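Close look at the chain arrangement
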Amino acid sequence: MTFKRKYKKSKSEGKISHHVTTVDGIKFDSEMESKYYKYLLELKKQGIVKEFTLQPNFLLQEKFINLNGDIILGSNKDFEKIKRKNKLETISAINYISDFDVIYTDGHREIIDIKGLETPEFRLKLKLFKYKYPELNIRLLILYKNEWIDLKDYKKLKSKGKTKQKTWYLN
């Protein structure tokens, strides 16, 4: 028995299908993300957005080694020497890369992540992000009926049966 895919996958991460899109010479992991980029450009022209950064990286946990119960961080200049001498395993750093870091003309800042589906890995990183960067406002957005709404609001609509689409990509 053979099955046909409903959508052609160009980038796959588990059950999530992404369609890589290029806008202004910039590759985006999804079409929805590229649409938000265009939306931000329009807000910048209107004077609502002062500036924005693509793919900002946030360190959630530094790399480290465990030496007899002592944690030695990767920023220590003796780190590599100790690691080689004792043949210890390096525990990799944990980073969170959001889609956009937006600074508005009124001075407030938002970290924006365009989501169609939350993976367990993302939920864990979101918790770590909120703990390490409590001063930063993070928003998870989705494009629904040509409007950017919070993912929480979309989930409420979906649970009430107000959305007809069953796929993660909604536009």
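Everything numeric here is computed off the predicted structure, so don't read it as measured data.

This part covers the confidence of the model for the protein. The predicted model of the protein has a mean per-residue pLDDT of 83, with 84% of residues at 70 or higher. Segment residues 1-15 is flagged for pLDDT under 50; beyond a separation of four residues in sequence, or across chains, it makes 16 contacts in the model. When the criterion is pLDDT under 50, residues 166-171 qualifies, and its contacts beyond four places in sequence or with other chains add up to 18 contacts.

Let us look at the sheet that holds strand β11 (residues 109-114). Taken in spatial order, the five strands of this open sheet run β5-β10-β11-β12-β13, and their pairing is mixed. Of all the strands in the sheet, the pair left with one neighbour each is β5 (49-54) and β13 (147-150). When the angles between neighbouring strand axes are averaged without regard to direction, this sheet yields 35 degrees. In the sheet, β5 pairs with strand β10 (residues 100-104) via five bridges, with the strands oriented antiparallel. Residue pairing in the sheet places Val49 in a bridge with Tyr104 of β10. Along the sheet face, helix α1 (residues 31-45) touches β5, β10, β11, β12 (137-144) and β13 and points at about 155 degrees away from the line of β5.

With respect to the helices, strands and loops of the structure, Tyr144 is situated in strand β12. Residues Tyr144 and Tyr154, spaced ten residues apart in sequence, show a C-alpha to C-alpha distance of 7.8 Å.

Okay, a positive patch on the surface next. Together, Lys130, Lys152, Lys156 and Lys160 make up a positively charged patch on the protein surface. Position of Lys130 among the secondary structure elements: in helix α3 (residues 120-132).

So, about the side chain of Ser98. As for its position among the elements, Ser98 is in the loop between β9 (94-97) and β10. What Ser98 contacts, discounting residues up to four positions off in sequence, is Gln55, Pro56, Phe58, Ile111, Ile112 and Asp113.

Calculation criteria
- Residues numbered from 1 in each chain as written.
- Predicted model: local features only at pLDDT ≥ 70, side-chain atom pairs only at ≥ 80, totals over all residues.
- Heavy atoms only, no water.
- pLDDT = per-residue confidence, 0-100.
- Contact = heavy atoms within 4.5 Å.
- Pairing = 2+ DSSP bridges.
- Helix = DSSP H or I, 4+ residues; strand = E, 2+ residues; numbered from the N terminus.
- Axes fitted to C-alpha atoms, helices over the stretch in contact; angles between N-to-C directions.
- Patch = residues over 30% accessible without salt bridge, like charges linked within 9 Å, V, L, I, M, F, W, Y side chains within 5 Å.
- Areas by Shrake-Rupley, 256 points an atom, 1.4 Å probe, with all protein chains shown as cover.
- Salt bridge = Lys/Arg side-chain N within 4 Å of Asp/Glu carboxyl O.
- Lys, Arg positive; Asp, Glu negative; His and termini not counted.
- Charge placed at Lys NZ, Arg CZ, Asp CG, Glu CD.

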